[in-house]
Amino acid sequence: MKRAIPIFLVLAGLLVAIAAANPFFLEPAGFLAFLKRVAPLAILAAGQYFVIVSGEFDLSVGSLVTVEVVVAARLIDGDESMTWPVLALLIVIGLLVGLVNGLVTTKLRVPSFITTLGAMLILSGAVFLWTGGAPRGALSQGFRVFGREGVWAVLILLVVVTTAVLLMRADFGRTLVAVGDNEKAARLSGVRVDRARVLAFMISGLSAAIAGILLGGFAGVSAQVGQSLEFQAITAVVLGGVVLGGGRGHVVAAIAGAFTLEALFTLLNLHGISGALEYAVQGVIIIAAVAAGGLRLPALRLSPSKV
Amino acid sequence: MEDTGRKQPSAPEVIIRMTGIGKSFLGVRVLRGIDLSAHAGEVHAVVGENGAGKSTLMKILAGVHQPDEGVIEIGGETRSFAHPVQAQRAGVAIIYQEFNLLPERSVADNVFLGREPTRRGLVDRAAMEAATARLLDELDEHSFGPRDMVKDLSVAQQQVVEIVKALSVDARIVVMDEPTAALAEHEVELLYRLIRRLQSRGIAVLYISHRLREVFDLADRVTVLKDGTHVGTVQASEVTTAALVKMMVGRELDAYFPPRAGEQAVGEPRLTLRNAGNGKLDGIDLELRAGEIVGVAGLQGSGRSSLVKAIFGAEPFTRGEVTPVRPGNVREGIAAGIGLVTEDRKAEGLVLNQSVRDNALLVVRAVGSRSRAAVADLLERVRLTPPRQDTEVKYLSGGNQQKVVLAKWLTLAPKVLLFDEPTRGVDVGAKAAIHDLMRELADGGTAILMISSELPELIGMSDRIVVLRDGRIAGHLPAGATEEAVMALAAADGAAA
């Protein structure tokens, strides 16, 4: 957990800076709005954490989010009675994509970077083919409530965080980290390495499904809804001090990374810096975070001065 | 050109002289006061048991490690190498057991790797291939050519490529580390011829081996290392095999070992192998009984590690009878109550970035065992000092790391526990603790199989000893066998078998 301290300091600093620029942030409604905005990315980061800590990547989650939203809109098409069956279907799709990613990576031994890059392209292509670029249909009120009502979003976020923490404390989580740290030693200790990794991909897929459900209500239906979310999620995880390559880092810190990233975007926004800069900022952050992971002390020194 | 160059009459130039070489790793002294010299056209053998310091000494000469003390002179000039490239430029070529060749490139590419001749900025392939062909010709090697792919060559041919590489850099000193380890019998003869050719070119050959027959066949002088010290250097013609073995192993059993199992302590069989084998092992008959520590001796490559990995299920037996179970994978082995303390604990035994607690619980978590022994008790039992659960294992000493590995397996209450070099890289105090613990486990009814390259340890700990050679059991020895007896069986070049 020691590695995670810098990210909490940075996050605290950013939150103070936001509050200074915009006092509304400190009111319950303002803070709730922030949480609602963070929730999808935080959930994706939690899912991505499981994959990264096991030593892999999941680049497919952004496209998967889009698929989830587009499929939901088309199948529900404004029909309230379809809400729950479709929600169930979305969860199944998420788990299934994760399962395929996991099986291809472990059984066919395709590096996950390639597997999930392929999945990302396949899913984007499928959405484009199916919608012709313009998604049809509409979400139901019952569906949109999850992303729109701050209370729901926060509740779901809480459940996700709690589940993630509990999973990481359970045998599954501990052996998953062991796999990411030293696959060979884990295998020779009887760990089912492939099974652990497949489950990690399924958790990531599930997190994309949940994030998609929230984003559908929050941001509406479009073929761009999930765009670049995979990179945001990975940036968040890395920002939380989780080491690419696996075996090190805490899930709460990964989630804090998502909060930090969103807080930074909010702050840039408040200071009138164009949203177009977001990508560049993200690029700088991910490189800086990985570099700082190599030299821990500078990261610690940097954090207070940021305030 | 064909004359053997052995015992050349003229007083030749000393090419390499190492004086007073010493080296420590992390405070552990691995070499001390080593002197070694070789003159032009000499084959100088360096012998010693595993862990005697041969490889470290050669790596110092190769510039891989820097000595803490001592002087290296090449051609009369004092040299120090900060990097292997500097050693290479000074004329030192090392041919490691594992060749440094790129399988997907041609012979010529490999020979000139990193120093390709160029013409107008482009690699001059013709020059490269011509030069390689000339060198192959000089070595009388016509079974392959400069354009053949390295991956298509036999091991012996690849060795020739390494030698050509050495010649192409005008090496004056060629170090060969166990060059015959991977060769078939008839290929050894070819190697001898090559070495004699190197001699006749005035190259000094340092020949590392534990196979004494080769040493007597080839060497002019022999230097014996033991436990990182220089036992002596003798003329090969003036020493007998027995005397050389004595120099290699003749040390006193100064270490303390716990008492052996009494007659009545040895119980029912825990594991029986009948004619078991796989790709690396053949015809293994072995019985492990409760309460007994069985030692496994053998040279590197004799199949020791393969044996424990096969019993454990990591590299399973494919034939033969194993009772009560022949595990087909690690999980089946663990389910059968078998544990393996691997040789390389950092690569295969531990998850270094995780806590002591996570490491100790790895096996029970992996197999989802219900019984959770209290970690605190376990750590006390393996005498971890201090018994802190939250320290990341990478910060522990070698001895403490090994105790954590032991704790991991003790959670299983194993019926059979396999140890591959249990005290390698472990300080003296922890060594004794691990030895005590092993005996304690045996007394508690666990059957123990232990591999050790350290003969005093093997002899001190084992209730009986099995010697492996070339993937087969070469013989059995009772408790308290002499080091000479073990070595004779392990290294027997036909004679003592």
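Each remark here, short or long, concerns the structure printed above.
Draft legend 1. Inspection of unusual backbone geometry at higher detail. Residue Pro324(B) is bonded to the preceding Thr323(B) through a cis peptide linkage, with omega at 0°. Tracing the backbone shows Pro324(B) in the loop between strand S16 (319-323) and helix H10 (330-335). Although it is not a glycine, Arg109(A) sits at a positive phi angle of roughly 55°. If you trace the backbone, Arg109(A) turns up in the loop between helix H4 (83-107) and helix H5 (112-131). Under the relative-accessibility criterion, Arg109(A) is labelled exposed at 70%. We note that Asp170(B) has phi near 60°; this positive angle belongs to a residue other than glycine. With respect to the helices and strands, the residue Asp170(B) is situated in the loop between helix H5 (155-168) and strand S9 (173-177).

Draft legend 2. Focus on the nonpolar core. In this structure, Leu273(B), Leu307(B) and Leu449(B) are the most contacted members of the largest nonpolar core, which totals 129 residues. The dominant element in this core, judged by the number of residues it contributes, is H5(B), at seven residues. Both domain 1 (14-249) and domain 2 (263-491) of chain B contribute no fewer than three residues apiece to this core. When near neighbours in sequence (up to four residues on either side) are disregarded, Leu307(B) contacts Leu273(B), Leu281(B), Ile284(B), Leu286(B), Val296(B), Phe317(B), Leu449(B) and Leu468(B). Ala19(A), Ala39(A), Val193(A) and Ala289(A) belong to the second largest nonpolar core, which has 97 residues in total.

Draft legend 3. Seen up close, the pattern of salt bridges. Scanning the entire structure with this criterion turns up 31 salt bridges over all chains. When the shortest N-O distance is used, the salt bridge between Asp358(B) and Arg174(A) registers 2.7 Å. Of this pair, Asp358(B) sits in helix H12 (residues 356-360) while Arg174(A) sits in helix H8 (residues 171-181), which puts the two residues in different chains. Asp358(B) gets classed as buried once you look at its relative accessible area, which sits at 12%.

Draft legend 4. Broad picture of the packing of helix H6 (residues 141-148) of chain A against helix H7 (residues 150-169) of chain A. Residues and elements named next belong to chain A. For the pair H6 and H7, interaxial distance at closest approach is 5 Å and the crossing angle is 70°. Taken together, the axes of H6 and H7 lie roughly perpendicular to each other. Contacts from Val145, Phe146 and Arg148 of H6 reach H7 at Gly150, Trp152, Ala153 and Ile156.

Scoring rules and cut-offs
- The residue numbering used here restarts from 1 in each chain and proceeds along that chain's sequence as written.
- All chains are assigned letters beginning at A, and all ligands numbers beginning at 1, according to the order in which they are written.
- Predicted model: local features are reported for residues with pLDDT of at least 70 only, side-chain atom pairs are reported and counted for 80 or more only, and whole-chain, interface and lining totals are derived from all residues.
- Calculation of side-chain values draws on the structure's entire complement of heavy atoms; hydrogens and water are dropped beforehand.
- Helix and strand definitions here come from DSSP, where helices need a minimum of 4 consecutive H or I residues and strands a minimum of 2 consecutive E residues; each element is numbered from the N-terminal end.
- In this scheme, a residue with accessible area under 20% of its type's maximum is buried, one over 50% is exposed, and one in between is partly exposed, where area comes from a 1.4 Å probe on protein chains only.
- For the purposes of this section, nonpolar cores are sets of buried Ala, Val, Leu, Ile, Met, Phe, Trp, Tyr and Cys residues that join through side-chain atoms within 4.5 Å.
- Note that domain bounds follow an automatic or database assignment of domains.
- Contacts between residues were defined by any pair of non-hydrogen atoms, one from each residue, lying within 4.5 Å.
- We define a salt bridge as a contact between a side-chain nitrogen of Lys or Arg and a carboxyl oxygen of Asp or Glu at a distance within 4 Å.
- An axis is simply a line fitted to the C-alpha atoms; with a helix, the fit covers only the stretch in contact. Between two such axes, the angle follows the N-to-C directions and lies from 0 to 180 degrees.
- Relative orientations are named as follows: roughly parallel for angles under 35 degrees, roughly antiparallel for angles over 145 degrees, roughly perpendicular for angles from 65 to 115 degrees, and oblique for any other angle.

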